[in-house]
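Survey of secondary and tertiary structure
Chain by chain, the residues:
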Amino acid sequence: MTDPRCETRAQATRVRLGRHETAALTWLVAYPLITGLLLLLDPLLGDLSLLLRTLVLTALMVPIMAYWAMPFAVRLHQGVKQRARRSVSIHAACTQGGRPRS
């Protein structure tokens, strides 16, 4: 049995998102998704009441957000954040006269 304190390489490199980052990332994904779905669905659902249009929109949007769009956006954001941290640490090591670790 493995020690529960041991982390896998993926867990060790995972970057946690802060509350504000999560909110901003959610908005950046939700806004274009809602806009696109409204553009696509308006010709089909234009005659329905607002409540039914909202029901159809959210029934499509929530699974797309939960299973595809947000996981993709979070992975993309984590990669950018890790590269930024790595370049900052290399820059700090070089300016202090040390050699950067690879």
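Residues numbered from 1 in each chain as written. Predicted model: local features only at pLDDT ≥ 70, side-chain atom pairs only at ≥ 80, totals over all residues. Heavy atoms only, no water.

1. Considerations on a nonpolar patch on the surface
A cluster of nonpolar side chains, contributed by Trp-27, Leu-28 and Tyr-31, occupies part of the molecular surface with about 390 Å² of accessible area. Residue placement: Tyr-31 occurs in helix H2 (residues 19-45). (Patch = residues over 30% accessible without salt bridge, like charges linked within 9 Å, V, L, I, M, F, W, Y side chains within 5 Å. Areas by Shrake-Rupley, 256 points an atom, 1.4 Å probe, with all protein chains shown as cover. Salt bridge = Lys/Arg side-chain N within 4 Å of Asp/Glu carboxyl O. Helix = DSSP H or I, 4+ residues; strand = E, 2+ residues; numbered from the N terminus.)

2. Here's the deal with the packing of aromatic side chains
In total, this model carries two aromatic pairs according to the counting rule given. Arranged with centres 6.3 Å apart and planes meeting at 5°, the rings of Trp-68 and Phe-72 form a pair that is stacked. In this pair, Trp-68 and Phe-72 both sit in helix H3 (residues 50-95), four residues apart, roughly one turn of the helix. (Phe/Tyr/Trp six-rings, centres within 6.5 Å; stacked < 30°, edge-to-face > 60°.)

3. Considerations on the confidence of the model for the protein
Model confidence for the protein is summarised by a mean pLDDT of 81, while 70% of its residues fall at 70 or above. Confidence scores differ between elements of the protein, with helix H1 (residues 9-13) showing the lowest mean pLDDT of 53 and H2 the highest of 94. (pLDDT = per-residue confidence, 0-100.)

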